[in-house]
Amino acid sequence: MADRLTQLQDAVNSLADQFCNAIGVLQQCAPPASFSNIQTTINKDQPSNPTEEYAQLFAALIARTAKDVDVLIDSLPSEESTAALQAASLRQLEEENHEAATRLEDVVNRGDMLLEKIQSALADIAQSQLRTRSGAPSQPALMDS
């Protein structure tokens, strides 16, 4: 995923594209207007022509993209966030990462030891089954515990 500045730039570019497309489509679909008769009626419940539908569509797209731009701007670091604060935050994250890596190594080591015990037990079970099938007297296997 891109960083926040790239996302913001993409959103602003998208907003510009939507403005250009809206103007182009509305110009293409707009009926010719006469200046002698300026009376128009607007039915807000149902658009009377596709131009109004396009206007509503582009208005919704532009409003949504503008909200996305606002959210991205709000998510940017504030001016109060200095390099020293960011470095301290990074050090804290590195310490947490190191602690998590240590815990993960411990869990993996315990898992490896448990796997060895399970494999040993399975080998003992397999040997016992082979002895039982071959008719040899079974002897209890010595366990390393």
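Here's what I pulled together on the structure shown here.

Focus: the side chain of Gln18
Considering the arrangement of structural elements, one finds Gln18 in helix 1 (residues 4–29). According to the relative accessible area criterion, Gln18 is buried, its value standing at 13%. Setting aside residues no more than four positions away along its own chain, Gln18 makes contact with Phe58, Leu61, Ile62 and Thr65.

Let's talk about a negative patch on the surface
The grouping of Glu94, Glu95, Glu96 and Glu99 at the surface amounts to a negative patch. Classification of Glu99 as partly exposed rests on a relative accessible area of 45%.

A look at helix 2 (residues 50–75)
Relative to the 38 Å expected for 26 residues at 1.5 Å per residue, helix 2 spans 38 Å between its end C-alpha atoms, a close match to the ideal helical length. Listing the buried residues of helix 2 in full gives Thr51, Phe58, Ile62, Thr65, Val69 and Leu72. Among the structural elements, helix 1 are those in contact with the buried residues of helix 2.

With respect to helix 3 (residues 83–134)
With 52 residues, helix 3 should cover 76 Å at 1.5 Å per step; its first-to-last C-alpha distance of 75 Å lies within 8% of that length. The positive-phi residue at the C-terminal boundary of helix 3 is Gly135, with phi of around 85°.

Examining a nonpolar patch on the surface
Among the surface-exposed residues, Leu114, Ile118, Leu122 and Ile125 lie close enough to one another that they form a single nonpolar patch of about 390 Å² accessible area. Topologically, Leu114 is positioned in helix 3.

Rules and cut-offs
- Residues numbered from 1 in each chain as written.
- Predicted model: local features only at pLDDT ≥ 70, side-chain atom pairs only at ≥ 80, totals over all residues.
- Heavy atoms only, no water.
- Helix = DSSP H or I, 4+ residues; strand = E, 2+ residues; numbered from the N terminus.
- Buried < 20%, exposed > 50% of the residue type's maximum accessible area, 1.4 Å probe, protein only.
- Contact = heavy atoms within 4.5 Å.
- Patch = residues over 30% accessible without salt bridge, like charges linked within 9 Å, V, L, I, M, F, W, Y side chains within 5 Å.
- Areas by Shrake-Rupley, 256 points an atom, 1.4 Å probe, with all protein chains shown as cover.
- Salt bridge = Lys/Arg side-chain N within 4 Å of Asp/Glu carboxyl O.
- Lys, Arg positive; Asp, Glu negative; His and termini not counted.
- Charge placed at Lys NZ, Arg CZ, Asp CG, Glu CD.
- Expected span 1.5 Å × (residues − 1).

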